[in-house]
Amino acid sequence: MFHFARNRSRRISVMDYISTRGSAPTLDFRAATLAGLASDGGLYVPAKWPQLSPDEIRGLAGLDYVETAVRVMAPFVAGALGEDELRGLCKAAYGRFSHDAVTPLVQLDHRHWLLELFHGPTLAFKDVALQLLGQLFETFLSGGDTDITIVGATSGDTGSAAIEAVAGREHIQIFMLHPEGRVSDVQRRQMTTVLAPNVHNISIDGSFDDAQAMVKRLFGDEEARAKVTLSAVNSINWARLMAQVVYYFYAAVRLGGPDRPVAFSVPTGNFGDVFAGYVAAQMGLPVAKLVVATNVNDILHRALASGDYSAGTVTPTATPSMDIQVSSNFERLLFDLAGRDGAAITAMMGEFDAKRAMTIPADMLAGARDLFASASIDGDTMALALRWAQERGGQVIDPHSAVGLAAARALNLDADIPVVTLATAHPAKFREAVERATGVRPSLPARLGNLFDREERYTRLPGDYDAVKAFILAESARG
Ligand SMILES: *Cc1c(COP(=O)(O)O)cnc(C)c1O
């Protein structure tokens, strides 16, 4: 391995992180990663977007995933991690992926491509971010005397990806709540067969929303906070988004970037993955369009199409990881569109929290539409795209990826621009829906083959906050 001499004077020496609500303290990368949410209720973003020049982007061509990751992420971690440290963490994180390219590109037809993000340990794109986050947590906590207690609720993918990321690590306990009987067998077993002593799976009698509400209550519980250092791993954590910026660069340079613009279509729930595409564009990557692809839970599509940002009730679909009404990361985009005015965002989000609805001002909406397009895809249209990928592109894809592909094909994008759909889950993870649409039942990859023979371990608790809290505090004290 050799390194080109680079112009160091342009390098950022410390990256500061500021809150979208303008009144939390400015933090460095380490503190922002450990904090997750800002203390004023906002989300952390870099104080400025680092820039990669066209030459620097050209220089990414031919680099492997880890080296691309180091070049793209180095400015974001400046002041907290050196380049060699970052490289070591990336090697450890992405060495666990089953494909040598980490996020391979697959061609569907002359203009449509898939970026396969599901080659990590739990078969969903969340591994790309969470595997790195696990490494970052361990590095930042090692040698110190702080132990953290991660508590989360999951309707499926996040839980297993978070557990795989921190299983067996020192200084970390993880408690993951899932609704009893309401996650798929594959999803449950991916969590409950991880037997490391710092992993605590809890099934709750109730819905995902009940589990989520308990987690929120715990984070606001003074007594609990006095006993344990609580930490969150949901996609409000900046480090997760940062890790996702990398694959936009990785894909674009393989399709001729920066000398040829590329469009991306992103199956969207919490607006994390597509916001990472926005960050890549702010850093200088020529992105022709970012397509926000939603299922019928389409608050983001309505917001971008007409400024109507109003939450309804969640309709269950074949794409459960996108069954979301409120997309937390959208606040990060609003912050930029409002000229990074924290007071304005505090007022807007206050109104939204009170009424569950707001109208996005016309000038902000116009700014968003320069880069973003959107589409809301129903179940039938999703199934058609799944079949199209199989018959015309030779690929069996998962329903979430199919929502992205359907949106990419429905929108009238420039015919000479390549369109990359982010494939966010392995088809075997959602094999009932895939089988219904295509007649093909995808098999689990060999490395998960004995999932159904492994021992499961989890604690079933009633849907009662006090019981859950008592369990978490008692188990953390033992760990
Ligand atoms: C989490 C998830 C999404 C949505 O990603 P966001 O970053 O929340 O927009 C899409 N597809 C799959 C398979 C997921 O697990």
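Calculation rules
- Residues numbered from 1 in each chain as written.
- Predicted model: local features only at pLDDT ≥ 70, side-chain atom pairs only at ≥ 80, totals over all residues.
- Heavy atoms only, no water.
- Near = heavy atom within 4 Å.
- Polar contact = N/O pair within 3.5 Å; in protein donor to acceptor, adjacent residues only side chain to side chain.
- Areas by Shrake-Rupley, 256 points an atom, 1.4 Å probe, with all protein chains shown as cover.
- Nonpolar A, V, L, I, M, F, W, Y, C, P; charged D, E, K, R; others polar.
- Helix = DSSP H or I, 4+ residues; strand = E, 2+ residues; numbered from the N terminus.
- Buried < 20%, exposed > 50% of the residue type's maximum accessible area, 1.4 Å probe, protein only.
- Pairing = 2+ DSSP bridges.
- Axes fitted to C-alpha atoms, helices over the stretch in contact; angles between N-to-C directions.
- Contact = heavy atoms within 4.5 Å.

(A) Up close: the site of the ligand. Within the structure, the ligand sits among 15 residues, and K126, D157, G269, N270 and T424 are positioned closest to it. Contact distances for the ligand include 2.5 Å between an oxygen atom and a side-chain N or O atom of K126. Between the ligand and N270, the relevant distance is 2.7 Å, taken from an oxygen atom to a main-chain nitrogen or oxygen of the residue. Expressed as a share of its isolated accessible area of 380 Å², the protein-covered part of the ligand is 97%. Of the residues in the shell around the ligand, the class split is five nonpolar, seven polar and three charged.

(B) Highlighting unusual backbone geometry. The omega angle of the peptide bond from G257 to P258 is 5°, so this bond is cis rather than trans. One non-glycine residue with positive phi stands out, namely L123, at about 70°. Mapped onto the secondary structure, L123 falls in the loop between β4 (112–116) and α5 (126–141). By relative accessible area, which is 0% here, L123 ends up buried.

(C) The arrangement of the sheet that holds strand β3 (residues 105–107) in detail. Read across the sheet, six strands follow the order β3-β4-β14-β9-β10-β13 without closing on themselves; strand pairing throughout is mixed. Each edge of the sheet is formed by a strand with only one pairing partner; in this case those strands are β3 and β13 (372–376). Sheet twist, expressed as the mean angle between neighbouring strand axes with direction ignored, is 25°. Pairing analysis gives five bridges linking β4 to strand β14 (residues 419–423), with the strands arranged parallel.

(D) Representation of the side chain of S327. Within the element layout of this structure, S327 appears in the loop between β11 (308–310) and α13 (330–337). A distance of 2.6 Å separates a polar atom in the side chain of S327 from the backbone oxygen of G269. Sequence-distant contacts of S327, that is, excluding residues within four places in its chain, are made with G269, N270, F271, L300 and Y309.

(E) Spotlight on the sheet that holds strand β5 (residues 148–153). If you trace the five strands from one edge of the open sheet to the other, you get β8-β5-β6-β7-β15, paired in parallel fashion. In this open sheet, the two edge strands, each paired with only one partner strand, are β8 (229–231) and β15 (459–461). If you compare each strand with its neighbour and ignore which way they point, the axes differ by 30° on average. Here six bridges tie strand β6 (residues 172–179) to strand β7 (residues 199–204), and the two strands are oriented parallel to one another. Looking at the pairing, I174 lines up with V199 of β7. Contacting β5, β6 and β7, helix α6 (residues 157–166) runs over the sheet at an angle of about 165° to β6.

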